[in-house]
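A closer look at the structure
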Amino acid sequence: MTEAPLLKAQPLAPGSAVLPDQAPSRSVIDAAVRPVVVGFFLTSLAWLLVSTVLGALTALKLHMPGLLNFPFLTFGRLAPAAEGAFIYGWCSCACMGVTIWSVARLSGRASPGTAIASFGSVLWNGGVLIGVVSTLLGNLRPFNGLEFPLASFIVMFAGFALVSVWLALTYQSLAKPSISVMFIVGGVAWLAWSLLTGNLLIASHSVSGVVQQIVASWTATGVLWLWIVPVVLGAAYLIVPKVTGHPIYSGPLGRAFFWMYFLTAGLISVTRLSGGPIPLWLSSLSAAASLLLVVPILGSVYNLLATAKGSEVAAASPSLRFVLFGVSVLGVASIVFAAGALHSIDYSVHFTLFDTGVRALIVRGAVSMILFGSIYYIMPRLSGCEWLSSSLISFHFITAAYGACMGAGMLILSGLAAGSALSDSDSTFSQVLDLGSSYYWGHTLSFALLLLGYGSFALHFLLMAVRIGQPAGEPTLLPTQHGH
Amino acid sequence: MSRSGFLFPGLLACFAVSIGATVLLPHMQLGTLTPSFKEEEGQISEVYPVASVSTATNGRDVYISQGCQACHSQVIRGTETADVDRGWGARRTVARDYIFDAPPVLGAARIGPDLTNVGSSKWRNEPEGDPVRPEKRDAAWQYLHLYHPKAVIHSSNMPAYTDLFAKHKISGSPSPDALKLPANLAPEPGYEIVPTADAKALVVYLSSLDRSHPLKEAGVVAAAAPTKK
């Protein structure tokens, strides 16, 4: 395992968002974090494939309930296993890889003892494995988004704690932290607090009855909205200026949106329980916060798009294409999410697949695309060579983008169709199901696209990890209309 | 304090607002709920809810373990929705309904019907008078439904939970628990299909589900109780 002494690069100039990438000490930092970052990326991609296969089976079972009717593959176990592998396996592992690399680079140093972080990665992945296997074997909790048993969270948390220790040692408090650092550090801090607090409150039986569901909803919502989404926003704030060479369009607005984001996203947690046996004020608070959340998200999206505007490399850079696509989808998704939180719409679409569709749009269309873009950006710096094939990158982009939007769109349409009938007592329940099921085939087909896209990326990544690629120096660019 | 010095205190403040407003306040409001009861001349009656018997609790574990909550909710919403009109319950459910559930199995989606009150004889998933409506959903019906859903609800999209049942060779007289299966599902002569302990516990749990007891905060007051105008 690489053990580097405390390595220092030149400190970040205050207020500067763009750094030259040639400083030799950057390559020393990259070499120090390479094992742990590549390890996290590698395992994240394994989870991505596992989750997509489980997700494809789940999708098939929606219209073929009798398919592969084994107890460990029943819909009620497959769905949370696929979701857990996606959120805690793919998204969280990739986010940790991005976090470790960004914090080291932005702090201008890599603290020794990356082995600690690597061991953390083993523990985290072990925890996810325990969670997925336990869920399939029927040892699960009835909490949406927090189905993995407590044991898996204990192991995951131990791993995360080790990673956090390394991050804390490396993190250098800057006079004026970049927006990127603020989002990433905010995400790490929130995950640490919420995983610990949420699981402790539930496991210690400090809360009972419906409040247990409220705590679970708060914890699971925090994992997506206050750990994964902030980290990918932070990655976007890092990559967009670096690739385009433009300074961030508005630093002060970016910071203001950061604070507004963390304040409002912290209050949306019970939208998944709205209309249920919780106080009405709590439903209303969550709905209002979901509406308000549109402001910092659209603001950040605008800030990032305006930063990239007019850039000549924007069309040709693979990382930028993925990141900007993901960022734009995040903007759209925040509007759909807010619309779904309105009481009048929630009453009809709640308990349909609308919610699953919006989540799919966020995690596959926005988060995953930004994570892919980040990996496209980071890996050449760790491997010392460039991506092998621009056609493979184009193929990945098209399949992943279409697959994500098509799958999410089908679920959202299914939810709207089923919801309109569900809220109308003249429709029988079997009519509700029939209306919703018209979109199931489209949803299933989207998984074929996703498997092709994710599979091709995993292959490309493996080649990169063993340093098979184009010679360093000339980045692999995508063909553009101007004839690259 | 430098600008970076605001980052962690600021994040901590956001965290405090989040957990304070959406976890601690609801806990203060709902955490102390106790069963409702009627008191007349020192006699306490109509205590609701009551803790379940252990078989039902075991059945609840089977329900969770099989992942039933992925497709079945246990939440009745107010009259803004069609939940009550569908026959799933007489009133909306409130936090007091779930005080003995650790945790309540509220469910994620309705790919199947809501089961909040499935143990009540009044529960229905079909319009009144619909010919497809089963005459009664007793234990025998539940077993058959779990073993082969389409045998009782032709349009059912529920998978068959055959692993909750066992095929036994009939020795002596047939088991009283044996499923009365239609000819196309029946095992070969000399054999019978019987529910396992898990299936029995699950059916006890399902039959115990009835949250229709009147509660003031749910907008329904017991008919016998005096109401103030």
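The structure presented is a predicted model; accordingly, all values stated were derived computationally and were not measured.

Overview of the overall build of chain B
A tally of regular secondary structure across chain B gives 5 helices and 4 strands. From first element to last, N terminus to C terminus, chain B shows the α and β order α-β-β-α-α-α-β-β-α. In terms of overall dimensions, chain B is more spread out than a globule: its C-alpha atoms have a radius of gyration of 23 Å, far above the 17 Å expected for 229 residues. Oriented by its inertia axes, the alpha-carbon framework of chain B measures out at about 85 × 55 × 35 Å. By the burial criterion, 48% of the 229 residues in chain B qualify as buried. Partitioning the contacts of chain B with sequence separation of at least 6, the portion at a separation of at least 24 is 63%.

Considerations on the overall build of chain A
For chain A, the helix and strand inventory stands at 15 helices and 2 strands. The C-alpha atoms of chain A give a radius of gyration of 22 Å, which matches the 23 Å a tight globule of 484 residues would have. Taken along its principal axes, the extent of the C-alpha atoms in chain A is 70 × 55 × 45 Å. Taking all 484 residues of chain A together, 64% fall into the buried category. A sequence separation of at least 24 residues applies to 85% of the contacts in chain A between residues at least 6 apart. When the accessible area of chain A is evaluated, it comes to approximately 15800 Å², of which 71% is carbon and sulfur surface.

As for the pairing of strand β2 (residues 43-48) of chain B
All names here are of chain B. With 4 bridges connecting them, strand β1 (residues 36-40) and β2 associate as antiparallel partners. What sits directly across from glutamate 39, in β2, is isoleucine 44. Here β1 hands over to β2 after 2 residues, with glutamate 41 in that stretch at a positive phi of 50°.

A look at the packing of helix α9 (residues 294-308) of chain A against helix α10 (residues 318-341) of chain A
All names here are of chain A. Interhelical geometry of α9 versus α10 gives an angle of 160° and a closest axis separation of 9 Å. Taken together, α9 and α10 sit at an angle that is classed as roughly antiparallel. Helix-helix and strand crossings are classified by hand; for α9 and α10 the assignment is left-handed. Between α9, through Val294, Ile297, Leu298, Val301, Leu304, Leu305 and Ala308, and α10, the contact on the second element is made entirely by Leu324, Val327, Ser328, Leu330, Gly331, Ser334, Ile335 and Ala338. Of the residues belonging to the contact of α9 with α10, the class tally is 12 nonpolar, 3 polar and no charged.

Some remarks on the side chain of histidine 72 of chain B
All names here are of chain B. As for its placement among the helices and strands, histidine 72 is situated in the loop between α2 (54-65) and α3 (139-147). In this structure histidine 72 comes out as buried when scored by relative accessible area, which is 12%. At 2.8 Å, the side chain of histidine 72 and the backbone oxygen of proline 113 are in polar contact. If we skip the residues at most four places from it in the chain, histidine 72 touches Tyr63, Leu106, Gly107, Ala109, Gly112, Pro113, Leu115 and Met158.

Observations regarding the interface of chain A and chain B
Contacts between chain A and chain B engage 72 residues on the former and 64 residues on the latter. Buried area between chain A and chain B, summed over both chains or domains, comes out near 5700 Å², and the portion from carbon and sulfur atoms is 70%. Among the residues chain A hides against chain B, the three largest losses belong to Pro277, Phe351 and Phe429 of chain A. Together they make up 14% of the total. Run the count over chain A and chain B and you get 0 salt bridges. The interface formed by chain A and chain B contains 15 residue pairs in polar contact (both at pLDDT 80 or more).

Points about the nonpolar core
If you look at the biggest cluster of nonpolar residues, it comprises 163 residues, and the most contacted ones within it are Trp90 and Trp225 of chain A. Considering every element that reaches this core, the biggest residue donor is helix α6 (residues 210-244) of chain A, with 23 residues. Each residue touching tryptophan 225 of chain A, except ones within four places of it in the same chain, is listed here: Pro230, Tyr261, Ala265, Ile268, Leu293, Ile297, Phe337 and Ile362 of chain A. Leu433 of chain A together with Val62, Leu179 and Leu181 of chain B belong to the second largest nonpolar core, which has 34 residues in total.

Regarding the packing of helix α8 (residues 280-292) of chain A against α9 of chain A
Residue and element names in this part refer to chain A. It is at 4 Å that the axes of α8 and α9 come closest, and there the two elements cross at 15°. When the axis of α8 is compared with that of α9, the two are roughly parallel. Here Ser290, Leu291 and Leu292 of α8 lie close against α9, whose contacting residues are Val294, Val295 and Pro296.

Considerations on the confidence of the model for chain B
Residues and elements named next belong to chain B. In the predicted model, chain B carries a mean pLDDT of 89, and the fraction of residues at 70 or more is 94%. Scored below 50 in pLDDT, residues 223-229 makes 2 contacts in the model with residues more than four places away or belonging to other chains. For this predicted complex, the interface confidence score (ipTM) comes to 0.92, while the overall pTM stands at 0.93.

Some remarks on the environment of threonine 271 of chain A
Residue and element names in this part refer to chain A. Relative to the helices and strands, threonine 271 is located in the loop between α7 (251-265) and α8. On the accessibility criterion, threonine 271 (15% relative accessible area) is buried. Separated by 108 residues in sequence, threonine 271 and valine 163 place their C-alpha atoms 31 Å apart. With residues up to four places along the chain from it excluded, the contact list for threonine 271 reads Ser286, Ser290, Phe337, Ala341 and His350.

Let's talk about the packing of aromatic side chains
All names here are of chain A. Under the definition given, this model contains 35 aromatic pairs over all chains. With a centroid separation of 4.8 Å and 70° between ring planes, the pair formed by tyrosine 376 and tryptophan 387 is classed as edge-to-face. Of this pair, tyrosine 376 sits in helix α12 (residues 354-383) while tryptophan 387 is found in the loop between β1 (385-386) and α13 (390-422), placing the two residues 11 residues apart along the sequence. Overall, tyrosine 376 belongs to the buried group, its relative accessible area being 4%.

Brief notes about a nonpolar patch on the surface
On the surface, Leu68, Phe70, Phe72, Leu129, Val133 and Leu137 of chain A cluster together into a nonpolar patch covering about 570 Å² of accessible area. Mapped onto the elements of the fold, valine 133 of chain A is located in helix α3 (residues 114-137).

Some remarks on the side chain of histidine 443 of chain A
Position of histidine 443 of chain A among the secondary structure elements: in helix α15 (residues 440-465). Not counting the four nearest positions on each side in its chain, histidine 443 of chain A is found in contact with Ala59, Leu62, Gly407, Met410 and Leu411 of chain A.

What about the environment of tryptophan 218 of chain A?
Take tryptophan 218 of chain A: it is sitting in helix α6. When the C-alpha positions of tryptophan 218 of chain A and alanine 235 of chain A are compared, they lie 24 Å apart, and in sequence the two are 17 residues distant. Filtering out sequence-adjacent residues up to four positions away, tryptophan 218 of chain A remains in contact with Ser194, Thr197, Gly198, Gly266 and Ser269 of chain A together with Phe15, Ser18, Ile19, Thr22 and Val23 of chain B. Polar side-chain contacts of tryptophan 218 of chain A include one of 2.9 Å to the side chain of serine 18 of chain B.

Some thoughts on unusual backbone geometry
All names here are of chain B. The peptide bond linking tyrosine 48 to proline 49 adopts the cis configuration, its omega dihedral lying at -5°. Mapped onto the secondary structure, proline 49 falls in the loop between β2 and α2. Cis geometry is adopted by the peptide bond preceding proline 103, which originates at alanine 102 and carries an omega value of -10°. Positionally, proline 103 belongs in the loop between α2 and α3.

Criteria and thresholds
Residues numbered from 1 in each chain as written. Chains lettered and ligands numbered in written order. Predicted model: local features only at pLDDT ≥ 70, side-chain atom pairs only at ≥ 80, totals over all residues. Heavy atoms only, no water. Helix = DSSP H or I, 4+ residues; strand = E, 2+ residues; numbered from the N terminus. Rg over C-alpha atoms; globule rule 2.2 N^0.38 Å. Buried < 20%, exposed > 50% of the residue type's maximum accessible area, 1.4 Å probe, protein only. Contact = heavy atoms within 4.5 Å. Areas by Shrake-Rupley, 256 points an atom, 1.4 Å probe, with all protein chains shown as cover. Pairing = 2+ DSSP bridges. Axes fitted to C-alpha atoms, helices over the stretch in contact; angles between N-to-C directions. Parallel < 35°, antiparallel > 145°, perpendicular 65-115°, else oblique. Left-handed = near helix turned anticlockwise from the far one by under 90°. Nonpolar A, V, L, I, M, F, W, Y, C, P; charged D, E, K, R; others polar. Polar contact = N/O pair within 3.5 Å; in protein donor to acceptor, adjacent residues only side chain to side chain. Buried area = accessible area lost by both parts, 1.4 Å probe. Salt bridge = Lys/Arg side-chain N within 4 Å of Asp/Glu carboxyl O. Core = buried A, V, L, I, M, F, W, Y, C linked by side-chain atoms within 4.5 Å. pLDDT = per-residue confidence, 0-100. Phe/Tyr/Trp six-rings, centres within 6.5 Å; stacked < 30°, edge-to-face > 60°. Patch = residues over 30% accessible without salt bridge, like charges linked within 9 Å, V, L, I, M, F, W, Y side chains within 5 Å.

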